[in-house]
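Structural characterization, general
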Amino acid sequence: RELWISREGDFSKERKRLERKPLFIERTKGSEILFGIAPCSLALSQSRRSLFRLFLKQSSGSRRLIMSELVLQATARGVPVHRVTRRELDALCRGQVHQGVCLEATPLRFKSLEEAEKPDLVVEESQNQQLIWLALEQIQDPMNLGALLRSAYFLGVDRVVTSQRNSCPLTPTVSKASSGAMEVFDVYSTDDLRGFLKAKTAEGWEVVGTVSSPEDVENVPVISCLEFQWNKPVIIVIGSEGDGLSLETQLLCHRMLAIPPGRVLHPGIESLNVSVATGILLHSICSQKLKRGD
C-alpha cells in the first residue's frame, strides 16, 4: 500500500509538471503570431496577410460569442482552428495580452511611396485640396507607433509615411497597440524622408513640423495648433520620441506647431508623449476638415 501511494504521488507530480510545461507549437516558416481580439479579427476579415492557424482559449460568458465569431471568420477563410490552454497562448505570444486568441500569419510590410502615387490619388487630390498626410521620422517604440496609427485612422488622415531608418517595423505589438487599425490602414515607408518632403513642397503641399518647446526652433515660424488653418494639402511631420524632429527636417517645414499647456509646467514634464501630442494636433487640424464637410 505504501509503495502504491508513493507511485501515485510520483504520477501526480509528473502530471502537474506536464500541465505546467507549455506545448511546443512549431511555427510556419516566415510567420508571426498576432495576438488580441481586434488585430486577429480584422486580419481574418481582410485579405492582406496569408493566414495559417487560429489559436483560441475555451471561453465562457461575454467572450464566448466573440470566440464563436472568430471561428466563423476562420472557417470562411479556410484557416484551421486549434483550442489551446492559456499557458500555450502565453507561450505563443511571449506573455503579451492576448485576450484568449492568437493568429499565425505572414507579416505586414510597409508599402513603397510609388504605390501611394497611383492615378486614383491624383484624382482624389484634384477633387479635394484638404488632404492630410502624417510623416513619422524615426518613431522607434511599437506602442507609440500603434497608438499613432490608431489616431491617424480614427481622425481621418489620408496617408501615413515613415522613415525607413531607425523606425519600428509593423510588428504584432504595433497591431495590438493600434487596436487592429494596422490591419486595415496602409502604411508607407521611404528611405529618403527629406527628399519626399521636398518633392511634396514642389507639388504645392505645405509641410508642417511639430515642437514641444518653441524656443528650440530657429528660422521657422512657430504657432499654436489652435491658430493653424489650412486650405491646401498638408503633411504633418512628427519626430522621434527622444529627440523630436532633426534640424535638417525642421528646416524643410514651412511652419512648426506647438500645443499650448494648460498651466505653468514643472521642469522635466514640459512635454507630452509623442502619440498623445499627435492625437491632439491631428484632432485640432482634422476638425477643420470635418467642419467643411469634406
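Residues numbered from 1 in each chain as written. Predicted model: local features only at pLDDT ≥ 70, side-chain atom pairs only at ≥ 80, totals over all residues. Heavy atoms only, no water.

The name given to the protein chain in an unreviewed UniProt entry is rRNA methyltransferase 1, mitochondrial, and the organism recorded there is Cuculus canorus. Taken verbatim from the UniProt record of the protein chain, the Subcellular location (unreviewed entry) comment is "Mitochondrion". The UniProt entry for the protein chain carries this comment under Sequence similarities (unreviewed entry): "Belongs to the class IV-like SAM-binding methyltransferase superfamily. RNA methyltransferase TrmH family." (UniProt positions renumbered as here; feature names shortened; annotations may be inferred.)

In this section: the environment of Cys40. One can find Cys40 in helix H2 (residues 37-45). Of the residues examined, Cys40 reaches a relative accessible area of 0% and is grouped as buried. Distance from Cys40 to Pro172, taken between C-alpha atoms, is 9.8 Å for residues 132 residues apart in sequence. The contacts of Cys40, once residues within four sequence positions are left out, are Leu34, Phe35, Val101, Cys102 and Leu103. (Helix = DSSP H or I, 4+ residues; strand = E, 2+ residues; numbered from the N terminus. Buried < 20%, exposed > 50% of the residue type's maximum accessible area, 1.4 Å probe, protein only. Contact = heavy atoms within 4.5 Å.)

Here the focus is the sheet that holds strand S4 (residues 101-105). The strand order S1-S4-S2-S3 describes an open sheet built from 4 strands, whose pairing is mixed. Single-partner strands in this sheet number two, and they are strand S1 (32-35) and strand S3 (81-84). Between one strand and the next, the sheet's axes are offset by a mean angle of 25 degrees, whatever the strand orientation. Both strand S2 (residues 51-57) and S3 contribute to a ladder of 4 bridges, which runs parallel. Directly across from Lys57, in S3, lies its bridge partner Val84. Sheet strands in contact with H2 are S1, S2 and S4, and its direction is about 40 degrees off that of S4. (Pairing = 2+ DSSP bridges. Axes fitted to C-alpha atoms, helices over the stretch in contact; angles between N-to-C directions.)

On the basis of which strands lie adjacent, the open sheet formed by 8 strands has the order S5-S8-S7-S6-S11-S9-S12-S10 and parallel pairing. Edge positions in the open sheet fall to strand S5 (111-112) and strand S10 (222-224), since each of these has one partner strand only. Where strand S9 (residues 206-210) meets strand S11 (residues 234-238), 3 bridges bridge the pair, whose relative direction is parallel. Counted as the bridge partner of Val207 is Ile235 from S11.

One face of the sheet, then the other: side chains in a regular strand alternate in exactly this way. Counted residue by residue, S2 has 5 buried out of 7 residues, so it is predominantly covered. As defined by bridge partners, S2 adjoins S4 across 5 bridges and the pair is classed as antiparallel. Bridge pairing in S4 links Leu56 to Val101.

Among the surface-exposed residues, Leu272, Val276 and Ile280 lie close enough to one another that they form a single nonpolar patch of about 240 Å² accessible area. When its relative accessible area of 43% is taken as the criterion, Val276 is described as partly exposed. (Patch = residues over 30% accessible without salt bridge, like charges linked within 9 Å, V, L, I, M, F, W, Y side chains within 5 Å. Areas by Shrake-Rupley, 256 points an atom, 1.4 Å probe, with all protein chains shown as cover. Salt bridge = Lys/Arg side-chain N within 4 Å of Asp/Glu carboxyl O.)

It is possible for side chains bearing opposite charge to pair when their charged atoms get close. Within this structure, the stated rule accounts for 9 salt bridges. Arg49 is the salt-bridge partner of Glu183, the closest N and O atoms lying 2.9 Å from each other. One end of the pair, Glu183, is in the loop between helix H8 (172-177) and strand S8 (187-190); the other, Arg49, is in the loop between H2 and S2, and 134 residues separate them in sequence. Pair check on accessibility: Glu183 and Arg49 agree, each one buried. For Glu137, the salt bridge identified is with Arg194, shortest N-O distance 3.8 Å. Separated by 57 residues along the polypeptide, Glu137 in the loop between strand S6 (132-136) and helix H7 (142-155) and Arg194 in helix H9 (residues 193-202) bring together distant segments of the chain.

Attention now goes to unusual backbone geometry. Most peptide bonds adopt trans geometry, and most residues besides glycine take a negative phi value. A positive phi angle, near 60 degrees, is found at Gln138, a position not held by glycine. For Gln138, a relative accessible area of 22% corresponds to the partly exposed category. Notably, Ser179 is not glycine yet its phi reads approximately 55 degrees, a positive angle. By the element assignment, Ser179 lies in the loop between H8 and S8. A relative accessible area of 30% means that Ser179 is categorised as partly exposed.

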